[in-house]
Structures are given as structure tokens and as C-alpha cells.
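# Summary of the model geometry
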Amino acid sequence: MAIRFVTGNEGKVREARDYLEGVEPVEQIEYDYTEVQSDSLEEIAARGAREAFAESGRDEPILVDDAGLFVDSLGGFPGPYSAYVEDTVGVERLWRLASEEENRRAQFRTVLAYVDRNGTETFAGSVAGTLVAPRGEGGFGYDPIFEYNGRTMAEMSTEEKNAISHRGRALAEFAEWYAGREE
Ligand code: ITT
Ligand code: NA
């Protein structure tokens, strides 16, 4: 059964489709679930997915992805507030702020929440990298300033990014569980 991915972010959909090709079709739907004020990506994703599943009144599985960039020198900021910070401050200015610190380490983290009639499952993925001045045209969001093994995530194809990214790792966990689940 097609998985309905609740997100307004085309980049997330592209990555999920690329990863889950041959597993299950991914359909993007827009639903404005309540984004609870929480420091926990897990809680935000799980509550959003449950709400979307219940509100839809349909027996079709729902997937939600809540992600963030956690900058070491900024005490994990912007973390769960990454979308808000991208919209207000912007990626370039966040880089300038981080560049004033000697420690340029950061993590991307994501939690995928999957809900169907049997309940909720969550899958987390993270990747550590280094913040750099923006480079590359691919990816989305903070990808141009996040370097992993010499390349920014915006310098990688979708497949290359999925092979090492937070989302790719969470999708791998999800796909493994999904293949073995009992319906
Ligand atoms: P939805 O909530 O509609 O899924 P969103 O873009 O608002 O989309 P989040 O709430 O998860 O997503 O916000 C995460 C923020 O981190 C947002 O600014 C994204 O652009 C950014 N982000 C998430 N995953 C990323 C990735 O793989 N690479 C770069 N930036 C990413
Ligand atoms: Na969001």
C-alpha cells in the first residue's frame, strides 16, 4: 500500500522515493499537523504522524520526517528550530555565526515516524560533519554548508547523499523493519 509522506518539503520526498524505490510507492500529501513545542524530534514526528493518520480517516499508512541541524559550538542550536531559523535567519547567516567559532562540528538528525492501524514506529538517523562556507547546487536546506568527507551534501547526488545521510540511515532502518513487519 502506498505510503503517504506528510511534508511540504520536496527534498525529503525526493530522498524517500529514491531510497524506497522498489519497496513501496511514496505519495506526498500536505497536512498541517500541529508542530508541538518540543526539543524532541521523535515526539514531534510521532505526534504529527498520529494526528495525520487519525484526521485522514483512511486506512493508509502515514510517514512524517522531523529533522534538524545541531551545531556543537552553539549548544545544539538550531536543532528542533531548524526550519524556523532557515526561514528567518537563513543558511548563509547561520554559517557566518558558526564560522566565528573554532569548533565547526555539527550533526544532522532526523526521526521518521510511521503510523498505520497497528500503531507507531520511529526510526532515527544522524550524521556528523563539518560546517563550511556554502558550496554546491544540489540537496536542500542546510546541505550547502554541511561537509562530509570533503564534499558538501549539496555537492552530492540524491543517491550519494542517501548513502551517508541522517535521512538515508533512518530510511534504511525503516526499510528493514518494513520488510519484516507483520500485517
Ligand atoms: P516538513 O516539516 O513539511 O516535513 P520542513 O522543511 O519544515 O518540512 P523540518 O520541520 O524537519 O522540515 O525542518 C528541518 C529543517 O532542517 C528545515 O529547515 C530543512 O530545510 C532542514 N533540513 C532537514 N533535512 C535536511 C537535509 O537533509 N539537508 C539539509 N537541510 C535539511
Ligand atoms: Na516543518
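Going along each chain's sequence as written, the residues are numbered from 1 onward. The order in which chains are written sets their letters, starting at A; the order in which ligands are written sets their numbers, starting at 1. Restriction of local features to residues with pLDDT of at least 70 applies here, the model being predicted, together with a cutoff of 80 or more for giving and counting side-chain atom pairs; totals for whole chains, interfaces and linings are based on all residues.

Looking at an unreviewed UniProt entry, one finds the protein named dITP/XTP pyrophosphatase and attributed to Natrinema soli. Its UniProt record gives the protein a comment under Subunit (unreviewed entry), which states: "Homodimer." UniProt positions are given in the numbering used here, feature names are shortened, and annotations may be inferred rather than shown by experiment. The Sequence similarities (unreviewed entry) comment attached to the protein in UniProt states, word for word, "Belongs to the HAM1 NTPase family."

Glancing now at the UniProt feature "active site" (unreviewed entry) in the protein. Under the present numbering, the feature "active site" (unreviewed entry) in UniProt falls on D66. Secondary structure elements follow DSSP: runs of H or I of four or more residues count as helices, runs of E of two or more count as strands, with numbering from the N terminus. Mapping D66 onto the fold places it in strand β3 (residues 62–71). Labels follow a simple rule on C-beta atoms placed from the backbone: if 20 or more others lie within 10 Å of a residue's own, it is buried; if 12 or fewer, it is exposed; otherwise it is partly exposed. Look at D66 and you get buried, because 26 C-beta atoms sit within 10 Å. Whether two residues are in contact depends on their C-beta atoms, placed from the backbone: they are in contact if these lie within 7 Å. Apart from the residues lying within four places of it in its own chain, the contact partners of D66 are L41, I44, A45, T110 and V111.

Our next topic: the sheet that holds β3. Where strands meet in a sheet, backbone hydrogen bonds hold them as pairs that are either parallel or antiparallel. If DSSP finds at least two bridges between two strands, the strands pair. Strand order in the open sheet formed by seven strands is β2-β1-β3-β4-β5-β6-β7, with mixed pairing between adjacent strands. Here the strands that pair on one side only, and so sit at the sheet edges, are β2 (26–29) and β7 (151–152). Angles run from 0 to 180 degrees between N-to-C directions of axes, and those axes are lines fitted to C-alpha atoms, restricted for helices to the stretch in contact. Sheet strands in contact with helix α1 (residues 10–20) are β1 (3–6), β2 and β3, and its direction is about 165 degrees off that of β2.

The omega angle of the peptide bond from F77 to P78 is -5 degrees, so this bond is cis rather than trans. With respect to the secondary-structure elements, P78 resides in the loop between β3 and α3 (82–88). Although it is not a glycine, N149 sits at a positive phi angle of roughly 50 degrees. Within the secondary structure layout, N149 lies in the loop between β6 (146–148) and β7. Judged by C-beta crowding, with 8 C-beta atoms within 10 Å, N149 ranks as exposed.

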